[in-house]
Each structure stands twice: as structure tokens, then as C-alpha cells.
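Below, each chain spelled out in residue letters.
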Amino acid sequence: MARLEILTFPNPILRKVSTAVETVTDEMRAFVQDMIETMYESRGIGLAAPQVGRNIRLIVLDTRPKENGRYQIEDMTELERKAYHNGPLVLFNPEVKKKQGKQTYEEGCLSVPTFYETVERADVIELHALNEQGEKIVIEADGLLSVCLQHEIDHLDGKLFIDRLSMIKSTRIKDKIRKHGYPKPVEEKPTEKS
Ligand code: QAP
Ligand code: CO
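Read on for a plain summary of the structure. (Residues numbered from 1 in each chain as written. Chains lettered and ligands numbered in written order. Predicted model: local features only at pLDDT ≥ 70, side-chain atom pairs only at ≥ 80, totals over all residues. Heavy atoms only, no water.)

### A word on the nonpolar core
Most often, soluble globular proteins have nonpolar side chains that are buried together.
Item 1. In this structure, Ile 59, Leu 61, Leu 91, Leu 127, Leu 145 and Leu 149 are the most contacted members of the largest nonpolar core, which totals 19 residues.
Item 2. When residues of this core are traced back to their parent elements, those giving at least two are strand 2 (58-61), strand 5 (89-107), strand 6 (117-130), strand 7 (136-141) and helix 3 (143-156).
Item 3. Looking at which element gives the most residues to this core, the answer is helix 3, with 5 residues.
Item 4. Counting residues in each nonpolar core, the second largest holds 18 residues, with Ile 6, Val 21, Met 39 and Ile 56 among its members. (Core = buried A, V, L, I, M, F, W, Y, C linked by side-chain atoms within 4.5 Å. Buried < 20%, exposed > 50% of the residue type's maximum accessible area, 1.4 Å probe, protein only. Helix = DSSP H or I, 4+ residues; strand = E, 2+ residues; numbered from the N terminus.)

### Structural notes on the coordination of the cobalt ion (ligand 2)
Item 1. Protein-derived coordination of the cobalt ion (ligand 2) comes from Cys 109 (SG), His 151 (NE2) and His 155 (NE2), at a distance range of 2.1 to 2.3 Å.
Item 2. All donors of the cobalt ion (ligand 2) come from a single chain, and their spacing in sequence reads C-x41-H-x3-H. Placement of the pair is Cys 109 in the loop between strand 5 and strand 6 and His 151 in helix 3, with a sequence separation of 42 residues.
Item 3. The exposure class of Cys 109 is buried, given its relative accessible area of 10%. (Donors = N, O, S within 2.8 Å, 3.2 Å for Na, K, Ca; no water.)

### Quick word on the side chain of Ser 170
Item 1. Tracing the backbone shows Ser 170 in helix 4 (residues 167-180).
Item 2. Ser 170 has contacts with Ile 162, Asp 163 and Leu 165, leaving out every residue within four places of it along the chain. (Contact = heavy atoms within 4.5 Å.)

### Notes on helix 3
Item 1. Given a rise of 1.5 Å per residue, 14 residues ought to cover 20 Å, and the 21 Å separating the end C-alpha atoms of helix 3 matches this to within 8%.
Item 2. Buried residues dominate helix 3, accounting for 14 of its 14 residues. (Expected span 1.5 Å × (residues − 1).)

### Description of the environment of Leu 156
Item 1. With respect to the element layout, Leu 156 can be found in helix 3.
Item 2. A residue is classified by how much of its surface remains accessible, and Leu 156, at 0% relative accessible area, is buried.
Item 3. With residues near it in sequence (within four places) discarded, Leu 156 still touches Lys 16, Val 17, Ser 18, Ala 48, Pro 50, Ile 56, Arg 57, Leu 58, Ile 59 and Pro 94.

### Things to note about the site of ligand 1
Item 1. With respect to spatial proximity, 18 residues lie near ligand 1, and among them Gly 44, Ile 45, Pro 113, Thr 114 and Tyr 116 are the closest.
Item 2. Within the backbone of Thr 114, a nitrogen or oxygen atom sits 2.8 Å from an oxygen atom of ligand 1.
Item 3. A distance of 3.0 Å separates an oxygen atom of ligand 1 from a polar atom in the side chain of Tyr 116.
Item 4. When the free accessible area of ligand 1 is taken as 500 Å², the share hidden by the protein chains comes to 84%.
Item 5. With respect to the pocket detection grid, ligand 1 is positioned in the largest pocket. (Near = heavy atom within 4 Å. Polar contact = N/O pair within 3.5 Å; in protein donor to acceptor, adjacent residues only side chain to side chain. Areas by Shrake-Rupley, 256 points an atom, 1.4 Å probe, with all protein chains shown as cover. 1 Å grid on protein atoms, 1.4 Å probe; cavity = no way out; pocket = protein on both sides within 12 Å on 5 of 7 lines; lining within 4 Å. Sits in = over half its atoms within 2 Å of the grid points.)

### As for the sheet that holds strand 2
Item 1. The strand order across the open sheet built from 5 strands is 1-2-5-6-7, with neighbouring strands paired in antiparallel fashion. With one partner strand each, in any of the chains shown, strand 1 (46-48) and strand 7 form the two edges of the open sheet. The average angle at which neighbouring strand axes cross in this sheet is 35 degrees, direction not considered.
Item 2. Two strands pair when backbone bridges link them, and strand 5 and strand 6 are joined in this way by 12 bridges, in the antiparallel orientation. Pairing of Lys 99 across the sheet is with Ile 125, part of strand 6. (Pairing = 2+ DSSP bridges. Axes fitted to C-alpha atoms, helices over the stretch in contact; angles between N-to-C directions.)

So this is what it looks like as C-alpha cells:
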């Protein structure tokens, strides 16, 4: 297992259209484990392969609400409960087949750290994909799971959530990052006080 480096905007790798996975090999499953470890250690709820430098159509996610180290199954919608089995979701070649309604959510992204903005997306979606065993699966999703799936699939098409804001907000954020970069992560060290 290894923690992978997460690429950030404006890295050009994040802008490529990723390639479908033909067969789910053992090498691919080892890479999936590294992605899951990287997602959890970065406190993320979703991660797409291009964010760690591989332009293949693979996403991992775990949007299950957690409190005091326990999953809050009661706080999930019925569709969210149906989508998860034991661990995180691992999806190869995910394709949205149906979209219904609209919802908004304040999104962030490990590739655009410290920026959060409200994005409008479909409310309920139906998605087809291959699971970690290479089997065809269908997922119906609403709520946060639906938002996260759409966000991660966007990465596979070279798209970021900051592309889905008004032109004025989008340009302001991108220009700011290009000019100043990202704020330094705050170190959690006790400070001297007298
Ligand atoms: C995408 O994003 C998402 O800026 C997954 O400093 C986000 O896991 C889908 C993160 C919201 C739906 C709603 C971001 C962690 C994690 C940061 C993430 C940060 C630390 C983002
Ligand atoms: Co993202």
C-alpha cells in the first residue's frame, strides 16, 4: 500500500479525457488500494485516477456519513444504503445513463484544496459501471452520493467543479490560484504561550 501524490489545478493531466479500462487486472486492484488509502488519509470522500496521475476511467468513493469513527447508516438515503455493500465504492468506466431533477451542494476537491463553492447538478442519477471484480453493475443514486459520482466522473472527462461556476466566479478562483497558489496547510502544533 502506498499513499499517492495528489495533483492540483492547473496541472494539465487533470484536463485530459481519460481512457476506458478494458480488463480489471491484479495490478489495477493494487492501484485501487493505493487510491483508497490516499483518499482516506487526505480526508476525501471521492478520488478519480487522474488526480493521482493516471488517465484511466476509475473512481473510488466513500460518502457514508461518519461520526466518532462509526458510519451513520440512519443518515443515508435508501438509494445510498443500497449502493454500498461493505467498503468504499470502486467503479471502472462509470457512465451516467439517466438524470432527473436538480440539486445544489457546496463542493470541494482534493485537486483544488481549500476552495469550496456551490454547484448545481442532477438530483437522481442512474449509472452503469464495472466493479472491482470486472462485473457490470447499475447504481441508482441521490443526495451526496449522486453529487460525488457526478463530480468524480467529471474528472475522467478533464473537468473540475470550478468549471461549473458562473464565468465570473470561475475566472476569479482560477486567476487567484495561478497568481498565489494554495494557502499553506496549517500545522497542528501546540504554540508557545506565556
Ligand atoms: C468531491 O472531494 C466532492 O479542499 C470529493 O482542504 C466534494 O473529497 C463531492 C478535501 C464535496 C461532493 C461534495 C478538500 C479535503 C476533500 C479540501 C473531496 C481539503 C481537504 C474533497
Ligand atoms: Co475532485
